[in-house]
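Single-letter residue listing:
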Amino acid sequence: MEEKIHQLQELVRLTAAKPQALIQQHQQLVTADLTSIIIQLISTAGSLLPSVNHPAAPIPNLSFANGVNVPDNTNMVSKVEDHSDHLDDDVDEGENLPPGSYEILQLEKEEILAPHTHFCLICGKGFKRDANLRMHMRGHGDEYKTPAALAKPHKETPKLVKRYSCPYVGCKRNKNHKKFQPLKTILCVKNHYKRSHCDKSYTCSRCNTKKFSVIADLKTHEKHCGRDRWLCSCGTTFSRKDKLFGHISLFQGHTPAIPFDEPNQSNTANTDTNVQGFGFFDFSSCGSGEPSACFSPFPRNLFEESDSLSFLLSGSANYMWKNGGESSSKDLQ
Amino acid sequence: MFQGKMKKQKRIQETQMNPFDFVSEEIVFAILDCLFDRKPFSLVSKTFYAIESRHRRTLKPFPRTTSDHHQLKRLLNRYPSVTHLDLSLCPRVTDSCLSHLSNSCLNSIDLSRSKLFTHVGLSNLVSKCANLVDIDLSNGVHLNDTAAAAVASCGSLERLCLSRCKALTDIGIGCIAVGCLKLRVLNLKWCLGVSDLGVALIGVKCKQIRSLDLSHLLITKKCLPSLLKLQYLEELVLEGCCGITDESLVSLKQGWMSLKTLNMSYCENVTHVGVSSLTSSAGCLQNLNLAYGPLVTLDLSESLQKLSKLQSIRLDGCHVTCSGLKGIGNWCVSLKELSLSKCTGVTDDGLSSIVTKHTELKKLDITCCRKITRTSIARITKSCVSLVSLKMESCTLVSSEAFVLIGQYCHFLQELDLTDNDVDDEGLKSVSRCSELSVLKLGICLNITDQGLIFIGNGCQKLIELDLYRSIGVTDKGISAVARGCTNLEMINISYCENITDSALISLSKCCKLNTLESRGCPLITSSGIKAIAVRCKQLAKLDIKKCLNVNDSGMIPLAHFSQNLRQMNLSYSSVTDVGLLYLASLGCLQSLTILHVDGLTPSGLAAALLGCGGLTKVKLQSLFRTSLPRLVLENLEARGCVFQWRDKVFQAELDPKCWKLQTQDIE
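All values derive from a computational prediction rather than experimental measurement.

Run through the overall build of chain B, naming residues and quoting values.
Tallying secondary structure elements over chain B gives 30 helices and 24 strands in all. What you see for chain B is a C-alpha radius of gyration of 28 Å, in line with the 26 Å of a compact globule of 668 residues. Its C-alpha atoms put chain B at 75 × 65 × 65 Å along the principal axes. Here chain B holds 668 residues, and the buried ones make up 57% of them. For chain B, contacts bridging at least 24 residues in sequence account for 73% of all contacts bridging at least 6. Of the roughly 26500 Å² of accessible surface on chain B, 53% is carried by carbon and sulfur atoms.

So, in structure tokens, the structure goes:
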């Protein structure tokens, strides 16, 4: 432990010595080093301190040790991401844990905001996932190429349910708050912190209005942004036609609005001199002349299909944009 | 005559005051109402001109007025009190035309036959004519949702017809529903872009609706609950709405007390189950149309019995069972109108039981009920003495003596259709006793001769319409008798009555109200007969002289001169040439022209004639003209609103009329 403190002191002195000339990469390396040292400090400290059933004791998260343990499979991550919407942050869905039956962990702000959570002990490089770290370790020697080393370390059955507290003072998720509502996983903590206590740095490039602090939120928004074709005269947009009509039937004076890029408009003959051979209707042939409507089982499908087709078109445009946009959002990180 | 007298008086009393100054305008207007043709009146003096200008309420401009909007403007300035503007003769109505219609008196406008206007013109029209109450935009296939939104800004609108406006969608209808809250009559027939959402919104917003036509729309039960809430809805037409099924009707739990007329013809997915639920909920129904719909069984008849106010029912084209018919015969209510036209399974038994019960029947239609015999006719005539309309086309098993009974008992008959029956002169003698008869159809009646028509001429003074299609026993003598006796005749069809000559036409010219003459396949008719008609029948609107081989250009000249109302002509197989057609081009009203297999036509002459006609909307020509007529000419005509129909019909030889009869018997 003393060793580690010495190392830390060295580093701090170094960084303090030359404040200006530090390049981006150097900074990153330094922060990585710092974090790894801090982590190791904490882990050793943690191993010294008795870990008891004390909800108040700020017991460090053992999972940080050696870059293991955080159940970071993609499945889990995505599940948690889907689950942890803005709403879920605030509402604790019927948690039945009596106070005292679970332990509360609180991470530091820097830990939460750290881009990497797993660190290589040899070179200090940081990774988001344990699996990525294991892959990296292969480069450090043959002993890391064994199936045992590459295997995912299974998590020991947790003896205690863990809940997390937000470090921000005054937050409802802070353990010191009167109406404390704990967060369930580390990912929840991260998302909550970024959404509630960080400023929103990512903007949707489509509407240029909506801002987000979590990139996943931005991506979810982009899926739905700009797709609302159904427009009311009051300005509200709707994603579905029946929603628009429900809105109009509720209020007086609201009418459906016709968006400017409606394809129908381009077909009208606006000028007198326009010689258009539109399909003229034979006035004399009345009821018998419409086989398409009478005999096919449900031509209505045609209209629904056209809706879905145009959906596909807009969806594909979306996709194209996304591919182009993907790189730009990566740059932001 | 009256005007002549006035002129004389004026000259005599030059120094004295004009007596017309003492007569109030209302009285003059009343006089004008009685005059048939007001144009001479307006030409008498400046005062009269001014009075006539103020009097006119409806205006039906010729096509040439809309092609130049200065003309239209002058016309409208002359008649400031016009309330109804009928533009059905003008195929070409542009936005600038509509923008010039700034008239605060205008209540109603008919744009059903016009094209080339868009939402711009419509919004100008609606903003300038604040009292617009009735707009007819049928056949507006070019009208889109923006146009509908323009119409929606007319808050005073009460009647709107949008039939065949296929480009309209729920969005446009939604705008109309919100904007035109006073709407009472709405027609959305064939507006295939409208779905349940649009119709439901109409139910929510347009609470004053009395009549709604949703024929052929792809609607389902989802819109019905909203329609049920319309308190004043009296008439609903759901013809061809295949999305409405038994299930939809079963879900109508609440009552539909205001509904009086319901048309559910061609709804293939409705059976007696659906009808049964319908009759439970719509208890006040008076008129029900289930043509080409459910099977008429005893269940159906019994469920229909619940409708205590039912007056009229149409079951055209449905298959009926004998028990079903007898069930109808058991009802408590007494029907006024019944139609079993083209129903299979109608027997003497069933029909007799119906008519015995429903003695107050006014209208009965048993067209193509081929199993009916004399017994039914006897029953009908004896029970239903107040019959006003009887249609029994193709009831071929009925023997000739049955028709005598018609005249004997049914004196109130106004409409009688005996096409393709065995009626003979004795029958006609009896029929002539029906002095109220106005429509008489005797097509393919091979046993009638002039003698029968003489009786008709003597007895049926009120006859308006006479159809003698292929009744070859008729000659000039019979026609003359009819023309002499029935001076109010407006429509006559003597097609394929080969023995007709010019003298028949000369006698027909006495009927000055004649507007339709169909004399196809009468080879003995020549131009002098046509001339006689043209000179005296000024109201002639439709003329069909197909296969009248001896009519040539000299028949066209009097038509061009006198028949200012001529709209529709068929000159196929005649001897008319370019010259004759060119004369016809001066007719301002001519809208529809069919000229097939006319040898005397050349491309240049035809082109000149077609270009000369201002208001042509439909021309049927041989396909070879499609290539031989100059491209620019065709484009010009199409731009003016004319539709070309190209036909490749092979020259047809005449069929023996008797072979028609044989064919119909084969069907059985």
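So what's going on with unusual backbone geometry? Which residues, and what values?
Residue and element names in this part refer to chain B. Although it is not a glycine, L116 sits at a positive phi angle of roughly 80°. A relative accessible area of 15% places L116 in the buried class. Although it is not a glycine, R164 adopts a positive phi angle of roughly 70°.

Give a detailed account of the sheet that holds strand β8 (residues 237–238) of chain A, specifying residues and quantitative values.
Strand pairing in a sheet takes place through backbone hydrogen bonds and is either antiparallel or parallel in direction. All names here are of chain A. The sheet built from three strands is open, its strands ordered β8-β7-β9 with antiparallel pairing. Edge strands, defined here as strands with exactly one partner in the open sheet, are β8 and β9 (256–257). Where helix α10 (residues 241–250) meets the sheet, its contacts fall on β7 (230–232), β8 and β9, and the angle it forms with β7 comes to roughly 15°.

Could you give an account of the packing of helix α24 (residues 527–536) of chain B against helix α25 (residues 553–562) of chain B, naming the residues involved and the relevant values?
Residue and element names in this part refer to chain B. Here α24 crosses α25 at 5°, and the two axes come no closer than 8 Å. With respect to α25, the element α24 is oriented roughly parallel. Residues S527, I530, K531, A534 and V535 of α24 touch α25, and the partners they reach there are S554, G555, P558, L559 and F562.

Which residues make up the packing of aromatic side chains, and what are the values?
All names here are of chain B. Here the structure, examined in full by the defined rule, presents four aromatic pairs over all chains. Ring geometry for Y469 versus Y496: centroids 6.0 Å apart, planes at 90°, classification edge-to-face. With a gap of 27 residues between them, Y469 in the loop between β17 (465–467) and α22 (476–485) and Y496 in the loop between β18 (491–493) and α23 (502–508) connect regions that are remote in the sequence. Measuring from ring centre to ring centre gives 5.3 Å for F644 and W646, while their planes differ by 5°; the resulting arrangement is stacked.

I'd like to hear about α25 of chain B, residue by residue, with values.
The complete set of buried residues in α25 of chain B reads D553, G555, M556, P558, L559 and A560 of chain B. Packed against the buried residues of α25 of chain B are α24, β20 (542–544), β21 (568–570) and α26 (578–584) of chain B.

Go over the nonpolar core with me, naming the residues and quoting the values.
Counting residues in hydrophobic clusters, the biggest one holds 200 residues, and the most contacted among them are L122, L340 and L442 of chain B. In terms of residues, this core owes the most to one element, helix α10 (residues 170–179) of chain B, which gives six residues. With near-sequence residues (within four places) excluded, L442 of chain B lies in contact with L418, V423, L428, I448, L453, L466, D467, L468 and S471 of chain B. With eleven residues, the next largest nonpolar core counts L105, I186, C188 and Y193 of chain A among its residues.

Report on the side chain of S53 of chain B, specifying residues and quantitative values.
Residues and elements named next belong to chain B. Examined against the element boundaries, S53 turns out to sit in helix α4 (residues 46–55). Here S53 falls in the buried class, since its relative accessible area comes to 6%. A polar side-chain atom of S53 sits 2.8 Å from the main-chain carbonyl oxygen of Y49. Setting aside chain neighbours within four positions, we find S53 in contact with R78, Y79, P80 and S81.

Describe α4 of chain B, naming the residues involved and giving the relevant values.
F48, I51, E52, S53 and H55 of chain B are the residues of α4 of chain B that are buried. Where α4 of chain B is buried, its residues meet α2 (25–34), α3 (39–42) and α6 (69–78) of chain B.

Describe the packing of helix α9 (residues 145–152) of chain B against α10 of chain B, and please don't skip the residues or the numbers.
All names here are of chain B. Remark: α9 packs on α10, axes separated minimally by 8 Å, with the N-to-C direction vectors making an angle of 5°. In terms of axis orientation, α9 runs roughly parallel to α10. Here D145, A148, A149 and A152 of α9 lie close against α10, whose contacting residues are I171, G172, C175, I176 and G179. A class-by-class count of the residues in the contact of α9 with α10 yields six nonpolar, two polar and one charged.

Reading guide: rules and limits
Residues numbered from 1 in each chain as written. Chains lettered and ligands numbered in written order. Predicted model: local features only at pLDDT ≥ 70, side-chain atom pairs only at ≥ 80, totals over all residues. Heavy atoms only, no water. Helix = DSSP H or I, 4+ residues; strand = E, 2+ residues; numbered from the N terminus. Rg over C-alpha atoms; globule rule 2.2 N^0.38 Å. Buried < 20%, exposed > 50% of the residue type's maximum accessible area, 1.4 Å probe, protein only. Contact = heavy atoms within 4.5 Å. Areas by Shrake-Rupley, 256 points an atom, 1.4 Å probe, with all protein chains shown as cover. Pairing = 2+ DSSP bridges. Axes fitted to C-alpha atoms, helices over the stretch in contact; angles between N-to-C directions. Parallel < 35°, antiparallel > 145°, perpendicular 65-115°, else oblique. Phe/Tyr/Trp six-rings, centres within 6.5 Å; stacked < 30°, edge-to-face > 60°. Core = buried A, V, L, I, M, F, W, Y, C linked by side-chain atoms within 4.5 Å. Polar contact = N/O pair within 3.5 Å; in protein donor to acceptor, adjacent residues only side chain to side chain. Nonpolar A, V, L, I, M, F, W, Y, C, P; charged D, E, K, R; others polar.

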